[in-house]
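Below, each chain spelled out in residue letters.
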Amino acid sequence: MTEQKPVTQAAAKPVKTMALPDAQTVTEVTHWTDRLFSFRVTRPQSLRFRSGEFVMIGLMGEPDPKTGKQKPLLRAYSIASPSWDEELEFYSIKVQDGPLTSRLQHIQPGDEIILRPKPVGTLVHDALLPGKRIWFFATGTGIAPFASLLRDPQTYEDYDEVIITHTCREAGELTYGAELIQSIKDDELLNELIGAENLAKLRYYPTTTREESAKMGRITDLMRSGEVFEDLGVEPIHPETDRAMVCGNLAFNLEIKELLEGYGLEEGANSDPKQYVVEKAFLD
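No experiment lies behind these values; they were computed from the predicted model shown.

Cut-offs applied
- Residues numbered from 1 in each chain as written.
- Predicted model: local features only at pLDDT ≥ 70, side-chain atom pairs only at ≥ 80, totals over all residues.
- Heavy atoms only, no water.
- Salt bridge = Lys/Arg side-chain N within 4 Å of Asp/Glu carboxyl O.
- Helix = DSSP H or I, 4+ residues; strand = E, 2+ residues; numbered from the N terminus.
- Buried < 20%, exposed > 50% of the residue type's maximum accessible area, 1.4 Å probe, protein only.
- Contact = heavy atoms within 4.5 Å.
- Polar contact = N/O pair within 3.5 Å; in protein donor to acceptor, adjacent residues only side chain to side chain.
- Expected span 1.5 Å × (residues − 1).
- Core = buried A, V, L, I, M, F, W, Y, C linked by side-chain atoms within 4.5 Å.
- Phe/Tyr/Trp six-rings, centres within 6.5 Å; stacked < 30°, edge-to-face > 60°.

Enquirer: Any chance you could explain the pattern of salt bridges here in plain terms?
Expert: Any two side chains of opposite charge can pair if their charged atoms end up close together. Applying the stated rule across the entire model yields 19 salt bridges. Residue R224 pairs with D221 through a salt bridge whose shortest N-O separation is 3.2 Å. With R224 and D221 both in helix α7 (residues 219–225), this residue pair falls three residues apart, about one helical turn. Overall, the relative accessible area of 48% leaves R224 in the partly exposed class. Among the charged side chains, a network of salt bridges with common partners joins R40, D85, E87, E89 and R151.

Enquirer: Quick question: what am I supposed to make of the environment of D231 here?
Expert: Take D231: it is sitting in helix α8 (residues 227–232). Given a relative accessible area of 41%, D231 falls into the partly exposed group. Considered as a pair, D231 and P145 are 86 residues apart in the sequence and their alpha carbons are 25 Å apart. The residues touching D231, leaving out its near neighbours within four places in the chain, are Y205 and K215.

Enquirer: Is there a simple way to explain the side chain of Q105 in this structure?
Expert: Within the secondary structure, Q105 is located in the loop between α1 (101–104) and β7 (112–120). Given the relative accessible area of 8%, Q105 is considered buried. Only 3.1 Å separates the side chain of Q105 from the backbone oxygen of T101, close enough to count as a polar contact. Not counting the four nearest positions on each side in its chain, Q105 is found in contact with H31, F37, K94, V95 and Q96.

Enquirer: What is the right way to look at helix α9 (residues 250–262) in this model?
Expert: Because the α-helix completes a turn every 3.6 residues, residues three or four places apart line up on one side. Between its terminal C-alpha atoms α9 stretches 18 Å, which fits the 18 Å expected from 13 residues at 1.5 Å a residue. Within α9, the full set of buried residues consists of F252, N253, E255, I256, K257, L259 and L260. Sitting at the amino-terminal end of α9 is N249, which places a side-chain oxygen 3.2 Å from the backbone nitrogen of A251. One or two residues past the end of α9 sits G264, with phi positive at roughly 100 degrees.

Enquirer: What exactly am I supposed to notice about the nonpolar core here?
Expert: If you look at soluble globular proteins, the nonpolar side chains tend to sit buried side by side. Judged by nonpolar contacts, the single largest core of 33 residues is most densely connected at F136, F146, L150 and M245. What F146 contacts, discounting residues up to four positions off in sequence, is L123, F136, F137, A138, I164, M245, V246 and C247. Judged by nonpolar contacts, the second largest core, of 21 residues, contains W135, Y205, L222 and I256.

Enquirer: Whenever I open this one, helix α4 (residues 175–186) confuses me. Can you help?
Expert: Here α4 contains 12 residues, and its C-alpha end-to-end distance of 16 Å stays within 8% of the 16 Å for a straight helix at 1.5 Å per residue. Listed in full, the buried residues belonging to α4 are T175, Y176, G177, L180, I181 and I184.

Enquirer: Got a minute to help me understand the packing of aromatic side chains in this structure?
Expert: Think of a pair of aromatic rings as described by two things: how far the centres are apart, and how the planes are tilted against each other in angle. If you walk through the whole model with that rule in mind, you get 10 aromatic pairs. A ring pair is formed by F39 and Y77, whose centres lie 6.4 Å apart and whose planes are at 65 degrees; its orientation type is edge-to-face. Placement of F39 in strand β3 (residues 36–42) and of Y77 in strand β5 (residues 72–78) is noted, with a sequence separation of 38 residues between them. Ring geometry for W135 against F229: centres 5.8 Å apart, planes inclined by 85 degrees, an arrangement best described as edge-to-face. In this pair, W135 is assigned in strand β8 (residues 133–139) and F229 in helix α8, connecting sequence segments 94 residues apart. Just as W135 is buried, F229 falls in that class too. An aromatic cluster is built from F37, F39, Y77 and F90, whose rings are joined through pairwise contacts.

Here it is in structure tokens:
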């Protein structure tokens, strides 16, 4: 497991090469593995969002060889912090030749990033009909919007049981989620805000697909076999009681959509609440 490396010193040389539009300052960076990192930035005073939504963030692109002008290079990032947090947290992969993350992974506290304060997204409570149990299905950095929702009091007010599944290739890639769950249970503020009895509703089900861990297998395979329901001691998903949110790569989203609809769930939206919703999580 790769040791996490929190970064607390301000960088001597900022990432930016010119004044950034919609600039926010990086306050903290943590490298979880050689492929994953998270960071926190200041929050615009005017920004209001619902837990589970995303915003466009980025850096200025390279200067145009002909004109010398720079354009913003932006990507959609789910906000990993809850709507009540004073700062904004993001969780990202590192793609060494990616236009944005090849540079974003080198940010340091004190640097600035671009943040367009117009949150949108489908992974919000308003897009689901009332139910008794909520499932959060995530792969990789798809856990980010659920990191927000798991720290939102409404999640526990709306449901009797909250289950988060997180599937990654290697065990080290589960560290962010594992520490998130532990911090939720240990945080005095959250216990006061949400209540210890409500936080007891939270169930965490991590799995790996390549490296050996306590639980191996793709969550979709474990659902088909019924193993996940046996492990958790719950009934299989049913449209009358269960609601679901999904965030992962395209192949995972399509596969789990088919499974959920096989259970009888229908896909919803902000304007048409149903039993499940899906968000895509692509970064480069």
